[in-house]
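# Overview (structure and organization)
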Amino acid sequence: MKNKWARGIAPRYFSWIVKDQLAISERPGGYARNHRPVRRHEEILWLRETGFTLVVSLLPSPHNLHAYEELGIPWSHVPFSPTVAPREVLPGLYSQLDGWLGGGERVLLHMEELGDRLMGVMAGYLLHSGFPGSPAQVIGVVERMVGRQMGPDGRLIVNEVFAPGEPG
């Protein structure tokens, strides 16, 4: 039996989007000046010990990717910079998520912090997946899952990807 520290610690702001299949969090180790390599190590250990089979980073840069490799967690990097239009990145990401989840992967998706943009990406994914309801209703569902309100950046992502009358 492993002791508490060998199991690691959950990433900050960890939230399930699809129970036991798809979760989101802040970047393991924290964001920007708050990033701590020791905490990153503990959080990646927790992901591995909890059965995650893939970490997907949406960071514009390749930060942390080496750490996943070092601890034996497969990763994918899908850069989603604030300067890139959601329609250029998200349809491809959503197709990849469909494949990973359909193949039995247990996926953690992260950005620098769990904020409006990541919440918008996940609301868009739920709509893409056929989750019932209007974009506004699905935004409300994601807000309840995460425990915070989605601001204009996240809502803009959902609206750009799922404009009225256009398929998602």
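For the structure itself, consult the block above.
None of the values given here were measured: they were computed from a predicted structure. (Residues numbered from 1 in each chain as written. Predicted model: local features only at pLDDT ≥ 70, side-chain atom pairs only at ≥ 80, totals over all residues. Heavy atoms only, no water.)

The biggest cluster of nonpolar side chains holds 36 residues, and the ones touching the most others in it are L58 and L93. Of all the elements in the fold, those that place two or more residues in this core are β2 (22-26), β3 (54-57), α3 (86-102), β5 (107-111), α4 (116-128), α5 (135-146) and α6 (152-161). Take this core: its biggest share by element is eight residues, from α4. If sequence neighbours within four positions are ignored, L58 has contacts with V78, P79, F80, L93, L109, H110, M111, L118 and V121. Of all hydrophobic cores here, the second largest spans 14 residues; its members include I44, L47, A67 and Y68. (Core = buried A, V, L, I, M, F, W, Y, C linked by side-chain atoms within 4.5 Å. Buried < 20%, exposed > 50% of the residue type's maximum accessible area, 1.4 Å probe, protein only. Helix = DSSP H or I, 4+ residues; strand = E, 2+ residues; numbered from the N terminus. Contact = heavy atoms within 4.5 Å.)

Right, let's get into the packing of aromatic side chains. Aromatic rings in a pair are described by how distant their centres are and how their planes are angled relative to each other. On inspection of all chains with the given rule, the structure shows six aromatic pairs. Between F14 and W16, the ring centres sit 5.3 Å apart and the planes meet at 85°, which makes this aromatic pair edge-to-face. Given a relative accessible area of 21%, F14 falls into the partly exposed group. Members of the aromatic cluster, each reached through a chain of ring pairs, are F14, W16, W46 and F52. Above the face of the F52 ring, R106 is positioned so that its terminal group lies 5.2 Å from the ring centre. A cation sits over an aromatic face here: R117 above F80, 4.2 Å from the ring centre. (Phe/Tyr/Trp six-rings, centres within 6.5 Å; stacked < 30°, edge-to-face > 60°. Lys NZ or Arg CZ within 6 Å of the ring centre and 35° of its normal.)

For the rest of this paragraph, the subject is the packing of α4 against α6. Put simply, α4 and α6 touch, their axes get as near as 7 Å, and they point 30° apart. As summarised for this structure, α4 and α6 are arranged roughly parallel, according to the angle between their axes. Crossing handedness for the pair α4 and α6: right-handed. Each of D116, R117, G120, V121, A123, G124 and L127 in α4 lies in contact with α6, whose residues at this interface are P152, D153, G154, I157 and V158. (Axes fitted to C-alpha atoms, helices over the stretch in contact; angles between N-to-C directions. Parallel < 35°, antiparallel > 145°, perpendicular 65-115°, else oblique. Left-handed = near helix turned anticlockwise from the far one by under 90°.)

As a further point, take the sheet that holds β2. Here we have five strands laid out as an open sheet, ordered β1-β2-β5-β3-β4, and mixed in their pairing. Only two strands of the sheet have a single partner each, and these edge strands are β1 (15-18) and β4 (75-77). Geometrically, the sheet is characterised by an average inter-axis angle of 25° between neighbouring strands, direction not taken into account. Where β3 and β4 come together, three bridges link them in parallel fashion. Bridge assignment links V55 to a residue of β4, and that residue is W75. Against the sheet, α4 contacts β1, β2 and β5, and its axis sits at roughly 140° relative to β5. (Pairing = 2+ DSSP bridges.)

With respect to the helices and strands, I24 occurs in strand β2. Classification of I24 by relative accessible area gives buried; the value is 0%. Through-space distance from the C-alpha of I24 to that of G72 is 19 Å; in sequence the pair is 48 residues apart. Beyond its immediate chain neighbours, meaning those up to four positions away, I24 contacts Y13, F14, S15, I17, L108, L109, L114, L118, M122 and V146.

It is worth spelling out the pattern of salt bridges at this point. Tallying each qualifying case throughout the model produces seven salt bridges. One salt bridge in this structure joins R39 and E26, with 2.5 Å as the shortest N-O distance. Within this pair, whereas R39 is found in helix α1 (residues 37-49), its partner E26 is found in strand β2, the two being separated by 13 residues in sequence. Residue class for E26 comes out buried when judged on its relative accessible area of 2%. Taken together, the shared-partner salt bridges connect E26, R39 and E43 into one network. (Salt bridge = Lys/Arg side-chain N within 4 Å of Asp/Glu carboxyl O.)

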